[in-house]
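# What the coordinates show
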Amino acid sequence: MTAAAAEPSSSAGYGRGIAMQVLAVAMFTCMGMVIKLLDGQYPTSQIILFRCAPALIPLVLYLPMQGGWSALKTRRPGWHAIRSVAGIASMYVGFYAIARMAFADYVAISFTAPLFGTLLSIPFLGERVGVWRLGAVGLGFAGALLTVGPITGSTDPIALFAVGSALGYGVAMIAMRKLGSTDKSAATVFYFTVAGALSSLVFLPTQWVTPPLEDLSLLMTIGLVGGVAQIFMTEAFRLAPPSVIAPFDYTAMLWALIFGFFVFGTFPGPGVLAGAGLICASGLFIIHRETVRGVKRAKLKSSSL
């Protein structure tokens, strides 16, 4: 796959990337809810193992769609290392935090990841992020804060782990976009997943807790759902820049409300509905801007022929 082939030539590619990211965010939110249900009964390294090892199952099924094992060839091993280190670090501190703080607070802090991804795309990828798009990202962030309310526990050291997880994810966004110009999505997911599973083995000999059958099914769910979500997310960042994809991380709040209603019986208040409106508005504005820009690029290209 060449760089030219990886870059979408119109806003249609961006639309597919956005759709995949929305699905990925829904799955990752579901995965987070399962981790929260386990209530810190298992060490983080064990959660990481079950997040990564079962995830290889959907990946192996996905490989034929990417051209078989040849899809794992890479031209940028260094960027795979960066993506793996950033992603693994994000998982370790994130999973540790989510089991020990209020889910709403964790979700709110996680919304800083798109800001990291958008801002880091400027120096590392040389992307041009205009004031309007930055404003839309900021609007979505404001909506997220409005939805979950003030983070009263922000001085809690655990909250710093959540911030660290968001930063790691922001770095991973950049690496996935860079890899998307040369490598196939399967390669990015494979090396990250294997590295994550291997990293857990460093701690597991002294930390392993044997789970009952019910918890084992939940642990397997973490890996299977996370594996499919990882494929969707990696493909999303291959199809569109982080500055376009990142704002749709805010849809995690909407999924958290849906899952929270059915699992924990929580009901959204006026603030939640207002925040959801702002998040939807920011996402729709991003789509509108990219559609307009895509039309303009197509006109310029056709006029130059």
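Structure shown above.
To keep things clear, this report deals only with the structure shown in the data block. Treat the numbers as computed from the prediction; the structure is a model and nothing was measured.

### Thoughts on the overall build of the protein
Within the protein, the regular secondary structure consists of 15 helices and 0 strands. For the protein, with 305 residues in total, the buried portion stands at 49%. With the model as given, the accessible surface of the protein reaches about 13,700 Å², and the carbon-plus-sulfur share is 72%.

### Let's talk about the packing of aromatic side chains
Tallied over the entire structure, the rule returns 4 aromatic pairs. Between the aromatic rings of Y92 and F203, the centroid separation amounts to 6.1 Å while the plane-to-plane angle is 65 degrees, which identifies the pairing as edge-to-face. One end of the pair, Y92, is in helix α5 (residues 77–98); the other, F203, is in the loop between α10 (185–200) and α11 (204–207), and 111 residues separate them in sequence. Accessibility expressed as a relative area gives 17% for Y92, which makes it buried. For F203, a relative accessible area of 39% gives the class partly exposed. Across the ring face of F192, the terminal group of R83 is positioned such that the distance to the ring centre comes to 3.9 Å. Lying across the ring of Y96, R100 places its NZ or CZ 3.9 Å from the centre.

### Here we look at helix α7 (residues 112–125)
Over its 14 residues, α7 extends 19 Å from the first C-alpha to the last, a length consistent with the 20 Å expected when each residue adds 1.5 Å. Turning to α7, its buried residues number three or more, namely T112, A113, P114, G117, T118 and S121. Phi for G126, located one or two positions after α7, is positive at around 70 degrees.

### Focus: the nonpolar core
Formed by 36 residues in total, the largest nonpolar core has its most connected members in I35, I47, F95, M101 and I222. Taken together, the elements giving at least two residues each to this core come down to α2 (11–37), α3 (44–52), α5, α6 (103–110), α9 (157–180), α10, α12 (213–239) and α14 (251–264). For this core, the element with the highest residue contribution is α5, accounting for 6 residues. Those residues in contact with I35 that lie beyond four places of it in its chain are I47, F95, I98 and I222. One finds I18, A113, A166 and A246 within the second-largest nonpolar core, a separate group that totals 20 residues.

### Let's talk about the environment of A252
Looking at the element boundaries, A252 is found in helix α14. Take A252: its relative accessible area is 12%, and that puts it in the buried class. Note: C-alpha distance between A252 and L23 (229 residues apart in sequence) is 9.8 Å. Once residues within four sequence positions are removed from consideration, A252 is found in contact with V25, T29 and F111.

### Some words on the pattern of salt bridges
One pass over the structure, following the stated rule, counts 1 salt bridge. The salt bridge involving R238 is made with E235; its shortest N-O contact spans 2.5 Å. Separated by 3 residues within a single helix, R238 and E235 lie in helix α12, roughly one turn from each other. Residue R238 shares its accessibility class with E235, and that shared class is buried.

Reading guide: rules and limits
Chains are numbered independently. Their residues run from 1 in the order of the written sequence. It should be noted that, the model being predicted, local features are given only for residues of pLDDT at least 70 and side-chain atom pairs only at 80 or more, the latter also being counted only at that level, while totals for whole chains, interfaces and linings use all residues. By convention in this description, side-chain values take in all heavy atoms of the structure and omit both hydrogens and water. Helix numbering and strand numbering both begin at the N terminus, where a helix is a DSSP run of H or I of at least 4 residues and a strand a DSSP run of E of at least 2. Three exposure classes are used, based on accessible area relative to the maximum for each residue type with a 1.4 Å probe and protein chains only: buried under 20%, partly exposed in between, and exposed over 50%. Every accessible area reported is derived by Shrake-Rupley at a probe size of 1.4 Å, with residue values counting cover from the shown protein chains alone. Stacked, tilted and edge-to-face are the three classes assigned to paired rings of Phe, Tyr and Trp, where Trp is represented by its six-membered ring and a pair needs centres within 6.5 Å; plane angles under 30 degrees give stacked, over 60 edge-to-face, the rest tilted. Whether a charge sits over a ring comes down to the Lys NZ or Arg CZ being within 6 Å of the ring centre and within 35 degrees of the ring normal. In this scheme, a helix's expected span is set at 1.5 Å multiplied by one less than its residue total. The criterion is simple. A nonpolar core is a set of buried Ala, Val, Leu, Ile, Met, Phe, Trp, Tyr and Cys residues joined through side-chain atoms within 4.5 Å. Contacts were defined at the residue level, with two residues in contact if any of their heavy atoms lie within 4.5 Å. One side-chain nitrogen of Lys or Arg within 4 Å of one carboxyl oxygen of Asp or Glu is enough to make a salt bridge.

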